[in-house]
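Breakdown of the fold
Each chain is listed here by its residues.
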Amino acid sequence: MMGKFKIKSRTSRNLEALMFVAPWVLGFLLFMAFPLVFSLYMSLHKVTVLPTGLKYDFQGLKYYQEILFGSSAFYDNLIPFFQEIVIMVPVIIVFSLFIAIMLNQNFPGRILFRVVFFLPIIFTSGYVLTEFVNQGEGTLGFLERFSIGEYLLDFLGDSSWTKPVMDVLNRFVLVLWYSGVQILIFLAGRQTISKSSYESARIDGASPWEVFWKITLPAMSPFILLNLIYTVVDMFTFPYNPIIELINTGNYGYNSALAWIYFVVIACFLSLIMLLFLRMNRSRRYR
């Protein structure tokens, strides 16, 4: 009798768990899995919109070959934007970490400052941000006042990094507006470090610089990785994104193939970042 009772109780717990998970599974299948599979199917077909519905003509890998080898439009848009991301991601991570450490200090009005740094995430939608960029907003005023841009142009010359660097500087303030979530994550991570660690370091005579490198930064490494992943994904879906604009043109089959190639590029970039970050952490532990 006890064995049957245990089996029934275990079955009931499993059913309860399935009931809680079922809405997520159903939502994933309907709103994630089906669109993904359907877009992959469309990328292999020429899709024609008819009054009676959609017509599919099988094309195989034609669109993939055309994007990767038949035209330079994808690379002409991807490479400069990729260079901008390489510049923007470290800037956002360092800025967010610095602001989070500052906001963690005990000073009057720190809640107000935390709200101020997060407000742009709420108010700047994709369309609003695009309009700011089109109107020339988001630049650093002192760059024009002191002609720093001209010095940078002279320093960089005809390098392929000249345009990406200037584009980032022209949207620098808007880029920093995208640091609100990262600041919150770093702030939460900073609060997980026990005060006793800092008290012990101060008793041992460690300087603030040594405390940062020996205690704060190693303890924040999981949150740095999390913010790296979040920032890369956020930047690759940046509203002012030439690849997204390119995907919104052409037929459905071509757009689907372009979206899948773009997804693979993002996945490879994320994998590279995670690999480098894990190797750096491993080498630092063995020192």
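Residues numbered from 1 in each chain as written. Predicted model: local features only at pLDDT ≥ 70, side-chain atom pairs only at ≥ 80, totals over all residues. Heavy atoms only, no water.

1. Notes on the overall build of the protein chain
How we decide: Secondary structure counts use DSSP, requiring at least four H or I residues in a row for a helix and at least two E residues in a row for a strand, with both numbered from the N terminus. Relative accessible area decides the class of each residue, using a 1.4 Å probe on protein chains only: under 20% of the type maximum gives buried, over 50% gives exposed, and in between gives partly exposed. Contact criterion: two residues are considered in contact whenever any of their non-hydrogen atoms come within 4.5 Å of each other. Note on areas: these come from Shrake-Rupley sampling with a 1.4 Å probe, and a residue is covered only by the protein chains present in the view.
From N to C terminus, the protein chain includes 14 helices and two strands. Per-residue burial for the protein chain yields a buried fraction of 33% across its 287 residues. Relative to all contacts within the protein chain whose residues are 6 or more apart in sequence, the contacts with residues 24 or more apart total 72%. Surface accessibility of the protein chain: about 18600 Å² in total, with carbon and sulfur atoms responsible for 69%.

2. Considering the side chain of Ser221
Note the following rule: The definition of a polar contact used here is a pair of N or O atoms within 3.5 Å, where within protein one atom must be able to donate a hydrogen and the other to accept one, and adjacent residues in sequence count solely through side-chain atom pairs.
The topology assignment puts Ser221 in helix α12 (residues 208-236). Of the polar contacts made by the side chain of Ser221, one reaches the backbone oxygen of Pro218; its length is 2.8 Å.

3. With respect to empty space enclosed by the protein
As a reminder of what qualifies: We place a 1 Å grid over just the protein atoms. Points where a 1.4 Å probe fits but has no way out form a cavity, open points with protein on both sides within 12 Å along at least 5 of 7 lines form a pocket, and any residue with an atom within 4 Å of a point lines it. Grid points are joined across faces, edges and corners, and a volume is the space filled by probe spheres set on the points. When residues are grouped by polarity, Ala, Val, Leu, Ile, Met, Phe, Trp, Tyr, Cys and Pro land in nonpolar, Asp, Glu, Lys and Arg in charged, and all others, Gly among them, in polar.
Applying the stated rule across the entire model yields one cavity of 30 Å³ or more. Every residue lining the largest cavity is listed: Leu103, Arg114, Phe117, Phe118, Gly180, Ile183, Leu184 and Leu187. When residues of the lining of the largest cavity are traced back to their parent elements, those giving at least two are α4 (110-123) and α10 (180-190). For the lining of the largest cavity, the element with the highest residue contribution is α10, accounting for four residues. Of the residues contributing to the lining of the largest cavity, the split by class is six nonpolar, one polar and one charged.

4. Here's the deal with the confidence of the model for the protein chain
For any part of a model where pLDDT is low, the fine detail of the predicted coordinates should not be relied upon. What counts here: Confidence of the predictor at the level of single residues is captured by pLDDT, which takes values from 0 to 100.
The predicted model of the protein chain has a mean per-residue pLDDT of 79, with 76% of residues at 70 or higher. Here helix α6 (residues 141-145) stands out as the least confident element of the protein chain, with mean pLDDT 60; helix α2 (residues 62-70) is the most confident, with 88.

5. Some points on the layout of surface pockets
Over the atoms rolls a probe the size of a water molecule, and in doing so it shows where empty space is left. By volume, the second largest pocket is sized at about 570 Å³. Forming the boundary of the second largest pocket are 18 residues, of which Asn104, Gln105, Arg190, Tyr198 and Arg202 lie nearest the centre. Here the residues of the lining of the second largest pocket are counted per class, giving seven nonpolar, six polar and five charged.

6. Focus on the packing of helix α3 (residues 73-103) against α12
Spelled out, the test is: Under this scheme, a helix contributes an axis fitted over its contacting stretch, all axes are lines through C-alpha atoms, and angles between N-to-C directions fall in the 0 to 180 degree range. For classification, angles of less than 35 degrees are called roughly parallel, those exceeding 145 degrees roughly antiparallel, those between 65 and 115 degrees roughly perpendicular, and all remaining angles oblique. For a crossing to be left-handed, the near helix must be turned anticlockwise from the far one by less than a right angle; the clockwise case is right-handed.
Two numbers describe how α3 lies on α12: the axes approach to 9 Å, and their chain directions differ by 140°. By the criterion of interaxial angle, the relationship of α3 to α12 is oblique. For α3 against α12, the interelement crossing comes out right-handed. Mapping the contact onto sequence places Phe81, Phe82, Ile85, Met88, Val89, Ile92, Ile93, Leu97 and Ile101 in α3 and Phe212, Thr216, Leu217, Met220, Ile224, Asn227, Leu228, Thr231, Val232, Met235 and Phe236 in α12. Looking at side-chain class alone, the contact of α3 with α12 contains 17 nonpolar, three polar and no charged residues.

7. A closer look at the nonpolar core
The test is simple: Nonpolar cores are built from buried Ala, Val, Leu, Ile, Met, Phe, Trp, Tyr and Cys residues. Side-chain atoms within 4.5 Å join them into one set.
In this structure, Ile85, Ile224, Met235, Phe236 and Tyr262 are the most contacted members of the largest nonpolar core, which totals 52 residues. It is α3 that contributes the most residues to this core, 12 residues altogether. Once residues within four sequence positions are removed from consideration, Phe236 is found in contact with Phe81, Phe82, Ile85, Asn241, Ile244, Tyr262, Ile266 and Phe269.

8. Re α2
Rule in force here: Think of the arc as the fan of directions from the helix axis to the C-beta atoms.
Within α2 the residues assigned to the buried category are Tyr63, Tyr64 and Ile67. Buried residues in α2, looked at end-on, bunch into an arc of 105°, giving them a common side. Facing away from the buried side of α2 by more than 90 degrees, the exposed set consists of Phe69 and Gly70.

9. As for the pairing of strand β1 (residues 45-50)
Quick reminder of the rule: At least two bridges found by DSSP between two strands are what make those strands a pair.
Where β1 meets strand β2 (residues 53-58), six bridges bridge the pair, whose relative direction is antiparallel. Bridge pairing in β2 links Leu50 to Gly53.

10. Description of the packing of aromatic side chains
Aromatic rings considered in pairs are described by the distance between their centres and by the relative angle of their planes. Our working rule: Two aromatic rings from Phe, Tyr or Trp, using only the six-membered ring of Trp, form a pair when their centres are within 6.5 Å; if the ring planes differ by under 30 degrees the pair is stacked, by over 60 it is edge-to-face, and anything between is tilted.
Counted by the stated rule, this structure contains 15 aromatic pairs. Of the aromatic side chains, those joined through ring pairs into one cluster are Phe81, Phe82, Phe236, Tyr262 and Phe269.

11. Points about the environment of Ile67
Position of Ile67 among the secondary structure elements: in helix α2. Residues Ile67 and Ile261, 194 residues apart in the sequence, show an inter-C-alpha distance of 8.7 Å. When neighbours within four sequence positions are excluded, Ile67 is seen to be in contact with Phe74, Tyr75, Tyr254, Ala257, Leu258 and Ile261.

12. Comments concerning a nonpolar patch on the surface
Here is the rule: Here, patches come from residues exposed beyond 30% relative accessible area and free of salt bridges, joined within 9 Å for like charges and within 5 Å for nonpolar side chains (Val, Leu, Ile, Met, Phe, Trp, Tyr). Salt-bridge detection follows one rule: a side-chain nitrogen of Lys or Arg within 4 Å of a carboxyl oxygen of Asp or Glu.
Judged by side-chain polarity, Phe20, Val21, Trp24, Val25, Leu26, Phe28, Leu29, Leu30, Phe31, Met32, Leu36 and Val37 come together as a nonpolar surface patch covering roughly 1300 Å² of accessible area. Within the secondary structure, Leu30 is located in helix α1 (residues 2-43).

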